[in-house]
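Tertiary structure, described
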Amino acid sequence: KTYCKWLSMKTGEYYRLPTEAEWEYACRSGSKTAYSFGDDAKKLGDYAWHRKNAKGRYHKIGEKKPNAWGLHDMHGNVAEWCLDQHHADAYKRLKDGVKNPFFPATELYPRVVRGGGWRQAERDLRSAARMTSDEQWKMQDPQIPQSIWYHTDALYVGFRLVRPLKEPSEETKKKFE
């Protein structure tokens, strides 16, 4: 979120992290299957870096096939931060008619991380798979006090940005801060 604020000030364009719902919408790219390309996990190697093919590291974006909307690495490579607080019962909390749910973060942990990374198994890279952030991700941080940003033990986590086509109102911007 701090990077998004800096980039917005630097460029004059508004940037933010996606909500969990926005992230899944972009990942699915119109599909209703387990993965954006279908249900066959055997094809995942064409689209994603994961535990079996990544050789223990992340890779340069765009080395695998994109989804139907041209987005690369929605499955695998690095799991991606979302704005939402993680709730195990998030889907039960939804009210009828909600089309773009958002659960604003009120605590540091756990937050939502989506897409799975190079360390995860194929099932963890499904379009609907959800991960939670964990305080253990910064165990090796040598700083005292430990940083809230430095995740020394989560090298498989990254982020993707949203830049709306139309500049949102100040009220809408505050909703996502």
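Structure shown above.
In short, a report on the structure. (Residues numbered from 1 in each chain as written. Predicted model: local features only at pLDDT ≥ 70, side-chain atom pairs only at ≥ 80, totals over all residues. Heavy atoms only, no water.)

Topic: the nonpolar core
Counting residues in each nonpolar core, the largest one holds 19 residues, and the members touching the most others are Trp81, Val113, Met131, Trp137, Tyr156 and Val157. Where this core is concerned, the elements lending two or more residues are helix H1 (2-11) and strand E1 (79-85). Here this core takes three residues from E1, the largest share from any one element. When neighbours within four sequence positions are excluded, Trp81 is seen to be in contact with Leu17, Pro18, Arg111, Val112, Val113, Ser133, Trp137, His151, Val157, Gly158 and Phe159. (Core = buried A, V, L, I, M, F, W, Y, C linked by side-chain atoms within 4.5 Å. Buried < 20%, exposed > 50% of the residue type's maximum accessible area, 1.4 Å probe, protein only. Helix = DSSP H or I, 4+ residues; strand = E, 2+ residues; numbered from the N terminus. Contact = heavy atoms within 4.5 Å.)

Digging into the side chain of Arg160
Inspection of the secondary structure assignment puts Arg160 in the loop between strand E4 (157-158) and helix H5 (170-175). In terms of polar contacts, Arg160 uses its side chain to reach the backbone carbonyl oxygen of Asp73, at 3.4 Å. Sequence-distant contacts of Arg160, defined by excluding residues within four places in its chain, comprise Arg16, Leu17, Pro18, Leu71, His72, Asp73, Met74 and Glu80. (Polar contact = N/O pair within 3.5 Å; in protein donor to acceptor, adjacent residues only side chain to side chain.)

Comments concerning helix H2 (residues 20-28)
A turn of α-helix holds 3.6 residues, and therefore any two residues three or four places apart point the same way. Of all the positions in H2, only Glu20, Trp23, Glu24, Ala26, Cys27 and Arg28 are classed as buried. Summarising the contacts, the buried residues of H2 are in contact with E1, helix H4 (90-93), strand E2 (111-114) and strand E3 (130-132).

Quick word on unusual backbone geometry
Most peptide bonds take the trans form, and the phi angle of most residues other than glycine is negative. The linkage connecting Tyr109 with the following residue, Pro110, adopts the cis geometry, with an omega of -10°. A cis geometry characterises the amide bond from Ile144 onward to Pro145, with omega recorded as 0°. By the secondary structure assignment, Pro145 is in the loop between E3 and E4. Non-glycine residue Ser29 carries a positive phi angle of around 45°. By relative accessible area, Ser29 is classed as buried at 7%. For Lys55, which is not glycine, the phi dihedral falls at a positive 55°. Here Lys55 lies in the loop between helix H3 (44-47) and E1.

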